[in-house]
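# Results of the structural survey
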Amino acid sequence: MIKSTLTFTLTLLLTAAFSQAATTYTWTGGNGSTPWYDANNWDANGVPNYSTTLGTNTYNDLIIFDSATVSYMPTDVITLSNKWSGGVWQIPQLYVKNGTINLSGNSASKQIWAWGDDATTTTLTVGDGTGAAAVVNAQFADWSRDKRGSGTVFKFLINSDGTLNNDRNVATWGESSIPVQVTINGGTVDISGTINAGFTNLSTSYVSFTDVGSTFTANLGGQLPDLTTIQGQLGNSFRLGGALASNPNASLVATDNLDGSFTVSVAIPEPASLAVLAWGGLMVMFPARRRA
């Protein structure tokens, strides 16, 4: 019941957010080959690109990739616009409903989203919760950089059938006090690197776990050098959200994977375990009488 209610709630939130999109660009895969920015691969709204990079005129445009509706998904790396110094071109909302895409930031520093004037849009959504896998393979070093607009918040949503892989050290999670909020709704975030700045020192930046099965993995180092430090962030930089936030049996667990990485996940005892705990509590309240 909790899971279905949460999925319905998030669907409503996504629908409300996406309904604010100025223009929706939908991948059709009509060309059936690279490059991704070939106009034949997109619907009548055109290609959301600035030259050979992905970007549009407004942050609340929406770009949709859905392998369930096309025969061909882009196999080449999609490079995001260098917005922070690239004029008016902005990186809008991305929604990868099903299938796999490969993303990279522009320039050597691989920075990404940097413009947004409100906190109502979801920057990147991976998975639509229907069960078919959605995967984003990314190379992001700066998860936000050089904000434009006082209300800028960058939001990532990883649903139960979604995986976000980031093959790079995160130099800045949120630069210049730009909040980066990742909601893991039963999905997977796997960072093949360390998180070095802007994560534990900004209270409005965090990873929220809203469903069982949610996992966050990264390398030990940077702002999260050891398991003790990570455990100290449970409830802060890592926190329960959605229905789990009010579930007295839910908790977060940090695990050292013994390969230089760690994983934070959700723990909810099985009913049998809860019964044992309850019985243990009764035994403490009513200790057994010693026989004479």
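Description of the structure in this document. (Residues numbered from 1 in each chain as written. Predicted model: local features only at pLDDT ≥ 70, side-chain atom pairs only at ≥ 80, totals over all residues. Heavy atoms only, no water.)

Moving on: the overall build of the chain. Along its length, the chain carries 3 helices and 17 strands. Relative to its full complement of 292 residues, the chain shows a buried share of 47%. Within the chain, residue pairs in contact and separated by at least 24 positions form 78% of the contacts whose partners lie at least 6 positions apart. Accessible area of the chain: about 12,900 Å², with a carbon and sulfur share of 54%. (Helix = DSSP H or I, 4+ residues; strand = E, 2+ residues; numbered from the N terminus. Buried < 20%, exposed > 50% of the residue type's maximum accessible area, 1.4 Å probe, protein only. Contact = heavy atoms within 4.5 Å. Areas by Shrake-Rupley, 256 points an atom, 1.4 Å probe, with all protein chains shown as cover.)

With that out of the way, let us pick up the pattern of salt bridges. Summed over all chains, the structure comprises 1 salt bridge. Taking the shortest distance from any N to any O, the salt bridge between Lys97 and Asp66 comes out at 4.0 Å. Note that Lys97 is positioned in strand E6 (residues 93-104) and Asp66 in strand E4 (residues 62-66), a separation of 31 residues in sequence. Taking the relative accessible area as the measure of exposure, Lys97 reaches 24% and is therefore partly exposed. (Salt bridge = Lys/Arg side-chain N within 4 Å of Asp/Glu carboxyl O.)

A few words now on the packing of aromatic side chains. To describe a pair of aromatic rings, one takes the distance between the centres and the angle between the planes. Inspection of the entire model under this criterion finds 14 aromatic pairs. Centroid distance Trp27 to Trp42: 5.3 Å. Interplanar angle 90 degrees. Geometry classified as edge-to-face. Of this pair, Trp27 sits in the loop between strand E1 (24-26) and strand E2 (49-50) while Trp42 is found in the loop between E1 and E2, placing the two residues 15 residues apart along the sequence. On the accessibility criterion, Trp27 (1% relative accessible area) is buried. Considering the side-chain rings of Trp173 and Phe216, the 6.3 Å spacing of their centres and the 65 degrees angle between planes classify their relative orientation as edge-to-face. With Trp173 in the loop between strand E10 (162-166) and strand E11 (180-185) and Phe216 in strand E14 (residues 215-219), this residue pair connects regions lying 43 residues apart in the sequence. In this structure Trp173 comes out as buried when scored by relative accessible area, which is 0%. An aromatic cluster of at least three residues, connected via ring pairs, comprises Trp143, Phe156, Trp173, Phe199, Phe209, Phe216, Phe238 and Phe262. (Phe/Tyr/Trp six-rings, centres within 6.5 Å; stacked < 30°, edge-to-face > 60°.)

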